[in-house]
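# Overview (structure and organization)
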Amino acid sequence: MHIAMIGTGYVGLVSGACFSDFGHQVTCVDKDAQKIAALWAGRMPIFEPGLEALVSRNAAAGRLGFTTELAPAVREADAVFIAVGTPSRRGDGHADLSHIYAAAEEIAAALDGYTVVIDKSTVPVGTGDEVERIIRKTNPAAEFSVVSNPEFLREGAAIGDFKHPDRIVIGGEDERGLQAMREIYRPLFLGGKAPLIEMSRCAAELTKYAGNAFLATKITFINEIADLCEKVGADVRDVARGIGLDNRIGPKFLNAGPGYGGSCFPKDTLALLKTAQDFETPQRIVEAVVAVNESRKRAMGRRIIAACNGNVRDKRIAVLGLTFKPNTDDVRDSPALDIIRTLQDAGAKVVACDPEGIEQAAKLVDNVELVDDPWTAIEDAAAAVIVTEWDAYRALDLTRMKSLLAEPVLVDLRNIYEREQVEGAGLRYYAVGRNCGPQEKPRQFADAVADLSVS
Ligand SMILES: NC(=O)c1ccc[n+]([C@@H]2O[C@H](COP(=O)([O-])OP(=O)(O)OC[C@H]3O[C@@H](n4cnc5c(N)ncnc54)[C@H](O)[C@@H]3O)[C@@H](O)[C@H]2O)c1
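Residues numbered from 1 in each chain as written. Predicted model: local features only at pLDDT ≥ 70, side-chain atom pairs only at ≥ 80, totals over all residues. Heavy atoms only, no water.

## Remarks on the overall build of the protein chain
The number of helices and strands found in the protein chain is 18 helices and 14 strands. Computed over its C-alpha atoms, the radius of gyration of the protein chain comes to 24 Å, within 12% of the 23 Å expected for a compact globule of 455 residues. With respect to the principal axes defined by its C-alpha atoms, the protein chain has extents near 75 × 50 × 45 Å. Within the protein chain, the proportion of its 455 residues that are buried is 54%. (Helix = DSSP H or I, 4+ residues; strand = E, 2+ residues; numbered from the N terminus. Rg over C-alpha atoms; globule rule 2.2 N^0.38 Å. Buried < 20%, exposed > 50% of the residue type's maximum accessible area, 1.4 Å probe, protein only.)

## Looking at the site of the ligand
The local shell around the ligand holds 24 residues, among which D30, K35, T86, E155 and K267 are the closest. Within the backbone of K31, a nitrogen or oxygen atom sits 3.4 Å from a nitrogen atom of the ligand. Between the ligand and the protein, one listed contact pairs an oxygen atom with a backbone N or O atom of T122 at 2.9 Å. Protein contacts shield 89% of the accessible area of the ligand, which totals 840 Å² for the unbound molecule. (Near = heavy atom within 4 Å. Polar contact = N/O pair within 3.5 Å; in protein donor to acceptor, adjacent residues only side chain to side chain. Areas by Shrake-Rupley, 256 points an atom, 1.4 Å probe, with all protein chains shown as cover.)

## Side note on the sheet that holds strand β13 (residues 409–412)
Across the sheet, six strands lie side by side as β11-β10-β9-β12-β13-β14; this open sheet has parallel pairing. For this open sheet the edge positions go to β11 (369–371) and β14 (428–430), each flanked by a neighbour on one side alone. Each neighbouring strand pair of the sheet contributes to a mean axis angle of 20°, computed without reference to strand direction. When strand β9 (residues 316–320) meets strand β10 (residues 349–353), the two strands line up parallel, connected through five bridges. Directly across from R316, in β10, lies its bridge partner K349. (Pairing = 2+ DSSP bridges. Axes fitted to C-alpha atoms, helices over the stretch in contact; angles between N-to-C directions.)

## A look at the pairing of strand β4 (residues 79–82)
For a regular strand, the rule is simple: side chains alternate between the two faces of the sheet. Burial along β4 is two-sided: the face carrying A79 and F81 and the face carrying V80 and I82 are both buried. Summarising the sheet, strand β1 (residues 2–6) and β4 pair through four bridges and their orientation is parallel. Residue I6 lies in a different strand from β4, and its bridge partner there is I82. Note that β4 and strand β5 (residues 115–119) share four bridges and pair parallel. If you follow I82 over to β5, its bridge partner there is D119.

## Some remarks on the packing of helix α9 (residues 201–232) against helix α12 (residues 284–307)
Packed helices, taken two at a time, are described by the angle their axes make and the gap between the axes. Between α9 and α12, the least distance of the axes is 9 Å, while the angle of their chain directions is 50°. Here α9 is positioned oblique relative to α12, judged by the angle of their axes. Between α9 and α12 the crossing geometry is left-handed. Here A213, A216, T217, T220, N223, E224, D227 and E230 of α9 come into contact with α12, specifically with I285, V286, V289, V292, N293, R296 and R303. Taken together, the residues that form the contact of α9 with α12 break down as six nonpolar, four polar and five charged. (Parallel < 35°, antiparallel > 145°, perpendicular 65-115°, else oblique. Left-handed = near helix turned anticlockwise from the far one by under 90°. Contact = heavy atoms within 4.5 Å. Nonpolar A, V, L, I, M, F, W, Y, C, P; charged D, E, K, R; others polar.)

## Quick word on the environment of A83
Residue position: A83 is located in the loop between β4 and α5 (98–110). Through-space distance from the C-alpha of A83 to that of E151 is 9.2 Å; in sequence the pair is 68 residues apart. Among all residues touching A83, those that are not within four sequence positions of it are M5, I6, G7, V11, G12 and S121.

## Observations concerning α5
Counted at 1.5 Å a residue, the expected span for α5 with its 13 residues is 18 Å, and the 19 Å between its end C-alpha atoms agrees. For α5, the full list of buried residues reads I100, A103, A104, I107, A108 and A110. The buried residues of α5 occupy one face: seen down the axis, they fall within an arc of 160°. Where α5 is buried, its residues contact β1, α4 (70–76), β4, β5 and α6 (127–138). (Expected span 1.5 Å × (residues − 1). Arc of directions from axis to C-beta.)

## What to know about the state of the cysteines
Under the defined criterion, the tally for this structure stands at zero disulfides. Of all cysteine sulfurs, the one in C18 lies closest to C264, which takes part in no disulfide; the gap is 16 Å. (Disulfide = S-S within 2.5 Å.)

## Concerning the environment of H164
Inspection of the secondary structure assignment puts H164 in the loop between α7 (158–163) and β7 (168–171). Among the residues examined, H164 registers a relative accessible area of 62% and is labelled exposed. Put simply, H164 and G301 are 137 residues apart on the chain and 38 Å apart in space, counted from C-alpha to C-alpha.

## Considerations on unusual backbone geometry
Even without being a glycine, N309 presents a positive backbone phi close to 60°. Mapping N309 onto the fold places it in the loop between α12 and β9. Judged by relative accessible area, which is 61%, N309 ranks as exposed. Of note, the phi angle at N415 is positive, near 55°, even though the residue is not glycine. Within the fold, N415 resides in the loop between β13 and α17 (419–424). Look at N415 and you get buried, because its relative accessible area is 11%.

Set out below in structure tokens:
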């Protein structure tokens, strides 16, 4: 099939490249001319493992192309995917749908022959109806179906997720559109079956938000249990394993840490709450999750200050990891940003490193010294703080760390080290949900963190 992918970001580029790898003819469209030029030159606009090889293989085979011109790509297409951004609208948390609606108008004007228009972006219930209305109004003669096909890929594992999905959700109101979707995903059918779930368009739209809200809830739940572990002297990793092996619960998303972040969970939980408000059906669990997570990120900054004996003024603090998780360069809404702001508010000088996220982080942080490697960051710092669990930070030479730090403090917000190992190297160790301070005084440390209030 001929596919036009409107929006060539994390989702559009990965989806477009994977569809071309299945054998479809794909044109990725983006307004950003620099991005399109870079792609033609073989340079990836994002860091995603395996993407460069996938893109270059399919571009060389002539199955994958890039353009800033939407109209010709749509005219030739049997299927047009909308994969533009839907960030939080400033001020109220609603999903900003301006890119979706602008794309719908442009698509409408270019439609030629029956085309299925698929919304892959994460959008609130009713957006498909509005896209259909816009297309009908702009081009009353157009023959088309509007289908919802939310994307569940995870940054850092995006290609594997796209090619081996747990499920593919398709929401549509007419058989012709649904049939086109079955054809697009047919390469994923094994033994005549694919994990394709068909439902109404609004159910598909809501499924994406419900899924992200549930995962955000799971993370927030274990984070609050971690706080309790610190008070009672338990290790949250034991508790997480103890509940995660129950297959009604499952072990994933039970790693206590600095709170969820990234380009999806924060904005999608907020947008779900706005939909709930619009339909006068409060989602109190998600409301609590959003509030708890928001305060947690700053609380992690205070935890670092407490580890530095309550004072970081004019001290250098080394932050290891800026992206919201490893294997991506995405820093959008990363907990690292709030942690850095809290440290700066308390007078710290922050120096930070990240294997892939420096370029993106430079656009989002002020007055932070950004360096390439952890050793430069750690040198003369009053504490080393692991915020993102990159592989490169999992086996740091702790003796070297001790010799470079001005004060022997390691704050591990991802629980990747063992206390004995760290303390054996002469460092003080602070983790999450595991007697977070020096082992003999868990309660006092937790209380000190709670008491320390830095605005
Ligand atoms: N990033 C993820 O992990 C992920 C996962 C699942 C779903 N989603 C959802 O997918 C959507 C896209 O997310 P993303 O992270 O890929 O966004 P992104 O910001 O990386 O990319 C969006 C792209 O769309 C382009 N664009 C905007 N308007 C356009 C137009 N009218 N014509 C052509 N191009 C246009 C922008 O220039 C940008 O390159 C969002 O709704 C997001 O919530 C994202």
